[in-house]
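Each chain, letter by letter, is given below.
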Amino acid sequence: DQALDVWVVDVGTGSERPATHDGKSRAPSFSRDGRWLYVGSARSGRWQIWRQPWPGDGAPEQVTSDGGLAAVEARSGDTLFFVRPDRRGLWQRGKEPGGDDALISPELAPLDFRNLEVAADAVYFPVRPADGPPRLARFSLTDAHLALLQPLPALLPDSGLALAPDGAALIVAEALPAQVDLELATLE
């Protein structure tokens, strides 16, 4: 088992300090108001979403109880969208601990937990069909319609998506095909 913790790096000084200390945390994200740091953590023996006050040193709170690996708050700040490690789907719930989780789209694979972006009116993520390359999907938050957009043939599970601040563009990291040149060298 590999120990995973979330670290804070002061961009002014370069100093580092751990934000988690359990050796079982990953996938950090901030609340929209900057008051909370969300992490996926297996500190309870199972992957769950936890939150802790930011930037202070308050006690962490377990948000989910039925599994969670990576969470992103809605632009409104009232809802969490998240991925579970053990089953497919895009899930949502209130941002407070307790309450119910709701499956809103079954297409998101757990391996794509880094490939999730929330816009004001939609959630973007890849769909991995049984045949063919992954495709970018847009799940509408207004009418719950899933639209499949362009293929993403070079998308890796840990590629990552980023939404432009104005919501007009989505950036997708894709792997390029490896090219190797072989040269013959003679030793004399």
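Here, every reference points to the structure presented above.
So, here is what we can say about the structure in this document. Please read all numbers here as calculations on a predicted model, not as lab measurements.

**A look at the sheet that holds strand S11 (residues 117–118)**
- Pairing is antiparallel across the open sheet formed by four strands, whose spatial order is S11-S12-S13-S14. Sheet topology places S11 and strand S14 (146–151) at the edges, where each strand pairs with a single neighbour.
- With four bridges connecting them, strand S13 (residues 135–140) and S14 associate as antiparallel partners. Bridged to Ala 137 within S14 is Leu 148.

**Some points on the pairing of strand S4 (residues 36–41)**
- Counting buried residues along S4, six of its six residues qualify, which places the element largely inside the surrounding structure.
- Side chains Trp 36, Tyr 38 and Gly 40 of S4 all project onto a buried face; the interleaved residues Leu 37, Val 39 and Ser 41 project onto the opposite face, where all are buried too.
- Direction of pairing for strand S3 (residues 25–30) relative to S4: antiparallel, over a ladder of four bridges. Among the inter-strand pairings, Arg 26 is bridged to a residue of S4, identified as Gly 40.
- Counting the residues between successive antiparallel strands, the hairpin from S3 to S4 contains five residues, one of them, Gly 34, with a positive phi of roughly 75°.
- As paired strands, S4 and strand S5 (residues 48–53) are joined by six bridges and run antiparallel to one another. The residue bridging Trp 36 from the neighbouring strand is Pro 53, located in S5.
- What sits between the antiparallel neighbours S4 and S5 is a turn of six residues, in which Gly 45 has the positive phi angle 100°.

The rules behind the values
Residues numbered from 1 in each chain as written. Predicted model: local features only at pLDDT ≥ 70, side-chain atom pairs only at ≥ 80, totals over all residues. Heavy atoms only, no water. Pairing = 2+ DSSP bridges. Helix = DSSP H or I, 4+ residues; strand = E, 2+ residues; numbered from the N terminus. Buried < 20%, exposed > 50% of the residue type's maximum accessible area, 1.4 Å probe, protein only.

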